[in-house]
Amino acid sequence: MTELTFENAVAFKSSGIITLEWLKEFARVSGDYNPIHQDESVARAMGLPGVIAHGMLTASLMHSRAIEAMVDYRDLRGFRITRSEVRFRSMTFLGDEISIGGHWEAICANEIRLELLAQNQNQVTTVSANFMLAR
Amino acid sequence: MKAFKESIGTTSTPRVFKLEPSTFKEFADCVHATVGNTSFAPLSSVAVPTIFTRFREGEFELLERMGIALPQVLHAEQTYEMLEILHPAEEVSFKTSLASVFEKKGKGSNMAFLVFETEFIRTLDSQTIARAKSTMVYREGVS
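The model shown is predicted, which means the values in this text are computed figures rather than measured ones.

Turning to unusual backbone geometry, a few remarks are in order. Not every positive phi belongs to a glycine, and Q123 of chain A is a case in point at roughly 60 degrees. For Q123 of chain A, the position within the fold is in the loop between β4 (111-119) and β5 (125-134).

This paragraph deals with the pattern of salt bridges. Residues and elements named next belong to chain A. Tallying each qualifying case throughout the model produces 18 salt bridges over all chains. Here E68 ties to K13 by a salt bridge, and the two come within 2.5 Å at their closest N and O atoms. In this pair, E68 sits in helix α3 (residues 55-71) while K13 sits in strand β1 (residues 9-17), placing the two residues 55 residues apart along the sequence. What makes K13 partly exposed here is its relative accessible area of 38%.

For an interface, size is often stated in terms of accessible area lost upon the parts coming together. On the chain B side, the residues contacting the 43 residues of chain A number 37 residues. Each partner contributes to the roughly 3300 Å² buried at the junction of chain A and chain B, and carbon and sulfur atoms together form 64% of this total. Our count for the chain A to chain B interface comes out at 3 salt bridges. Notably, a salt bridge pairs R28 of chain A with E26 of chain B, separated by 3.4 Å at the nearest N-O pair. Counting the contacts that link chain A with chain B gives 15 residue pairs in polar contact (both at pLDDT 80 or more).

Each pair of aromatic rings is reported with the distance of its centres and the angle of its planes. Residues and elements named next belong to chain B. Under the definition given, this model contains 11 aromatic pairs over all chains. Note on F4 and Y138: the rings are 5.1 Å apart at their centroids and 85 degrees apart in plane angle, and the pair reads as edge-to-face. Within this pair, whereas F4 is found in helix α1 (residues 2-6), its partner Y138 is found in strand β5 (residues 127-139), the two being separated by 134 residues in sequence. Neither F4 nor Y138 differs from the other in exposure class; each is buried. Through successive ring pairs, a cluster of aromatic residues spans F17, F52, F55, Y80, F94 and F120. The lysine or arginine in question, K104, covers the ring of F113, its NZ or CZ lying 5.1 Å from the ring centre.

Cut-offs applied
Residues numbered from 1 in each chain as written. Chains lettered and ligands numbered in written order. Predicted model: local features only at pLDDT ≥ 70, side-chain atom pairs only at ≥ 80, totals over all residues. Heavy atoms only, no water. Helix = DSSP H or I, 4+ residues; strand = E, 2+ residues; numbered from the N terminus. Salt bridge = Lys/Arg side-chain N within 4 Å of Asp/Glu carboxyl O. Buried < 20%, exposed > 50% of the residue type's maximum accessible area, 1.4 Å probe, protein only. Contact = heavy atoms within 4.5 Å. Buried area = accessible area lost by both parts, 1.4 Å probe. Polar contact = N/O pair within 3.5 Å; in protein donor to acceptor, adjacent residues only side chain to side chain. Phe/Tyr/Trp six-rings, centres within 6.5 Å; stacked < 30°, edge-to-face > 60°. Lys NZ or Arg CZ within 6 Å of the ring centre and 35° of its normal.

If you want it as structure tokens, here you go:
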């Protein structure tokens, strides 16, 4: 564990490559069975280039990355995520690799903000999120 | 599109849930949340906040009532406010309302942004533990 300074970036790190099996598992654990996340023909009928990942899968991976980043800093003991705002900017497709990273911002002693981006293998931002941490 | 605005203020059927520890773990495993396995005590018992995404039935019910099929919408934004920690086996009730609707002109079609708000209340003490706000985009002409 290290001390948190706001020059410390949260390094971009791969969260995995999107597969149909992963999307089906996320549908099962989240209850979101929208067929555009599983069925190529439905996705195309909706004007999409193909099956797209659930936005909430990427959003959840970002929450996991946020918690993982918090654990790296001893000064964040006792903090928890009290608010998150996620914006879905572009679609994630089968075979895309999701990487997540960002930076810290201080608000005050008891409130800290973490801003994260999810990018695909072409460094296109697919989702942006900010997290308020408080204790 | 006009008909959607008439649905502002409608509310879903109230629902109740209780999540078992195994459900927390399944969700955490799927979204690569490994913190539960660390010794970082204050966090080790915290569910991944997006586990609340399991409780979008209220949204789906309201979409259906508006005559919108799930494939016709895309997720635009999601906000969670976590007021209290959600613990396994706690009974929580929730209902969803359509809070607002606004329109934008897209590249090829008009789009309606449907904003749903959900409040999660712990049964034991009637305390609000979380609030969720989802913005879904409906694209006109996609059916």
